[in-house]
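One-letter residues, chain by chain:
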Amino acid sequence: MNLIEISNLSKTYPGTKALKEIDLTLEAGHIIGLLGPNGSGKTTLMKILTGIIRDHEGQVLIQGQPVSEKTKALVSYLPDCSYFSSWMRPIDLMEMFQDFYRDFSREKFRSMLQSLGLNEKQRIRTMSKGMVEKLQLCLVMSRDAHLYVLDEPIGGVDPAARDYIMDTILSNYNEHSTILMSTHLIADVEKLFDTVIFLKEGSVVLHGEIDDIRAREGKSIDELFREVFRC
């Protein structure tokens, strides 16, 4: 069974069609780059998969089930902004996530905090943007989910920490699961992906395995991205 099946998916905001008749099938066991410029529909697609956006046209199935409260239990979502109260500490969030998600591992979370140099008793209000992004990543990757949806997970992390973050992602996800990650830092992370999806103005303009695309195009994914989306 495919992990994700999307048929004729469209989403319209007032005056703008964010997604246009998208058809996609994604199997389990892949790390997928969802790539495109701002306004291409990446975050909208991610929010539909996580059930945040429900008023769309077309069908979206996760493990054969329409997106619902039931499928939310299969998906671990990292949004592109923080949604935690500033007074909270990692230890508070650990308790909250354990209450919400049966697949959350306290042991994995504490291990990841330590490896990323975060203090479980530090208030969020005293953390840098990069520290908060690391904290959110620890929470998301401490679940044993079927689908990890990561929206710009390293946008605020300094270049020296990016490889370490990528290693953390690789070493803390179930190989039978799938990671769907959006990023603008393609050159830094394309080595992580085995599959890419290019979104342009709400439409899929490229979808395939990276090795096949590189062999066919004779260039890196970063180079191809710059060519396809040249202003």
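Placed above this text is the structure.
Because the structure is predicted, anything quoted here is derived from the model rather than measured.

### Let's talk about the sheet that holds strand β3 (residues 31-35)
Here comes step 1: One open sheet accounts for six strands, arranged β6-β7-β8-β3-β9-β10; its pairing is mixed. The outermost strands of the open sheet, each flanked by one partner alone, are β6 (75-78) and β10 (203-209). Shown here is a sheet whose adjacent strand axes are inclined to one another by a mean of 15 degrees, direction ignored.
Here comes step 2: Both strand β7 (residues 147-151) and strand β8 (residues 178-182) contribute to a ladder of five bridges, which runs parallel. Bridging across to β8, Val149 finds its partner in Leu180.
Here comes step 3: The strands touched by helix α1 (residues 42-49) are β3, β6, β7, β8 and β9 (195-200); relative to β8, the strand with the most contacts, the crossing angle is about 150 degrees.
Here comes step 4: Along the sheet face, helix α8 (residues 210-217) touches β9 and β10 and points at about 100 degrees away from the line of β10.

### Some words on the sheet that holds strand β2 (residues 16-26)
Here comes step 1: Strand order in this open sheet of four strands is β2-β1-β4-β5, and the pairing throughout is antiparallel. The outermost strands of the open sheet, each flanked by one partner alone, are β2 and β5 (65-66).
Here comes step 2: One ladder, built from five bridges, connects strand β1 (residues 4-13) with strand β4 (residues 57-62); its direction is antiparallel. Note that in β4 the partner of Glu5 across the bridge is Leu61.
Here comes step 3: Docked against the sheet, α1 engages β1, β2 and β4, running at close to 120 degrees with respect to β1.

### Looking at the pattern of salt bridges
Here comes step 1: This model, assessed by the stated rule, comprises 12 salt bridges.
Here comes step 2: Put simply, Lys72 and Glu69 hold a salt bridge, and the shortest N to O gap is 3.4 Å. In this pair, Lys72 and Glu69 are both assigned in helix α2 (residues 69-72), three residues apart and thus about one turn of the helix distant.
Here comes step 3: Across the pair Arg226 and Asp222 runs a salt bridge whose closest N-O atoms are separated by 3.1 Å. One end of the pair, Arg226, and the other, Asp222, are both in helix α9 (residues 221-228), four residues apart, so they sit about a helical turn from each other.
Here comes step 4: Assessed through its relative accessible area of 55%, Arg226 is described here as exposed.

Cut-offs and rules
Residues numbered from 1 in each chain as written. Predicted model: local features only at pLDDT ≥ 70, side-chain atom pairs only at ≥ 80, totals over all residues. Heavy atoms only, no water. Pairing = 2+ DSSP bridges. Helix = DSSP H or I, 4+ residues; strand = E, 2+ residues; numbered from the N terminus. Axes fitted to C-alpha atoms, helices over the stretch in contact; angles between N-to-C directions. Contact = heavy atoms within 4.5 Å. Salt bridge = Lys/Arg side-chain N within 4 Å of Asp/Glu carboxyl O. Buried < 20%, exposed > 50% of the residue type's maximum accessible area, 1.4 Å probe, protein only.

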